[in-house]
Amino acid sequence: MTTVQDDDLACQELVEIITDYLEGARAAAERERFGAHLEVCEGCRRYLDQMRTTIRVAGTLTEEDLEPAAKDQLLRLFREWNRT
Ligand SMILES: [Zn+2]
């Protein structure tokens, strides 16, 4: 898959693997796909910035640091941003 047609799905995927992405733990093709999505998705760029800041402050970030409720809220925000 080389195109991003379902932004909601892509945003959700990005949230799910954001820690791996930031650590460079994902395959190059997948990172490219996410990079392309970030270029067109302001919500995910903000989320990525937020994650980078969190990592800078905390020194590390694990999947366990992301509470499910916070994830749900972020995904709702993404959908509102993407609606414009
Ligand atoms: Zn997105």
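Residues numbered from 1 in each chain as written. Predicted model: local features only at pLDDT ≥ 70, side-chain atom pairs only at ≥ 80, totals over all residues. Heavy atoms only, no water.

In this section: the confidence of the model for the protein. Here the protein averages 76 in pLDDT, while 70% of its residues score no lower than 70. Ranking the elements of the protein by mean pLDDT puts helix H4 (residues 68-82) last with 71 and helix H2 (residues 28-40) first with 88. (pLDDT = per-residue confidence, 0-100. Helix = DSSP H or I, 4+ residues; strand = E, 2+ residues; numbered from the N terminus.)

What follows deals with the environment of Glu42. Inspection of the secondary structure puts Glu42 in helix H3 (residues 42-58). The class for Glu42 is partly exposed, based on a relative accessible area of 40%. Linking Glu42 and Phe78, residues 36 residues apart in sequence, is a C-alpha distance of 8.3 Å. Among the polar contacts listed, one links the side chain of Glu42 to the side chain of Arg46, at a separation of 2.7 Å. (Buried < 20%, exposed > 50% of the residue type's maximum accessible area, 1.4 Å probe, protein only. Polar contact = N/O pair within 3.5 Å; in protein donor to acceptor, adjacent residues only side chain to side chain.)

Moving on: the packing of aromatic side chains. Throughout the structure, instances matching the rule amount to one aromatic pair. Between Arg31 and the ring centre of Tyr21, over which it is positioned, the NZ or CZ distance is 4.7 Å. (Phe/Tyr/Trp six-rings, centres within 6.5 Å; stacked < 30°, edge-to-face > 60°. Lys NZ or Arg CZ within 6 Å of the ring centre and 35° of its normal.)

The first and last C-alpha atoms of H2 sit 19 Å apart over 13 residues, in line with the 18 Å expected at 1.5 Å per residue. Where H2 is concerned, the buried positions are Arg33, Phe34, His37 and Leu38. Taken end-on, H2 shows its buried residues confined to a sector of 140 degrees, consistent with a single buried face. For H2, the exposed residues lying more than 90 degrees away from the buried face are Ala28, Ala29, Glu32, Glu39 and Val40. (Expected span 1.5 Å × (residues − 1). Arc of directions from axis to C-beta.)

Taken together, Cys11 (SG), His37 (NE2), Cys41 (SG) and Cys44 (SG) make up the protein donors of the zinc ion, found 2.0 to 2.3 Å from the metal. The site at the zinc ion holds four donor atoms, and with the angles between them running 109 to 111 degrees, its shape is tetrahedral. Linear spacing of the donor residues for the zinc ion on their chain is C-x25-H-x3-C-x2-C. Each member of the pair Cys41 and Cys44 is classed as buried. (Donors = N, O, S within 2.8 Å, 3.2 Å for Na, K, Ca; no water. Tetrahedral: all angles 85-135°; square planar, octahedral: opposite > 155°, others 65-115°.)

Right, let's get into the pattern of salt bridges. Side chains that differ in charge, positive against negative, can pair when their charged atoms come close. In this structure the tally under the stated criterion is four salt bridges. Notably, a salt bridge pairs Asp20 with Arg26, separated by 2.9 Å at the nearest N-O pair. Overall, the relative accessible area of 27% leaves Arg26 in the partly exposed class. The salt bridge involving Glu42 is made with Arg46; its shortest N-O contact spans 2.7 Å. With a gap of four residues between them, Glu42 and Arg46 both fall in helix H3, about one helical turn apart. Members of the salt-bridge network, linked through shared partners, are Asp20, Arg26 and Glu30. (Salt bridge = Lys/Arg side-chain N within 4 Å of Asp/Glu carboxyl O.)

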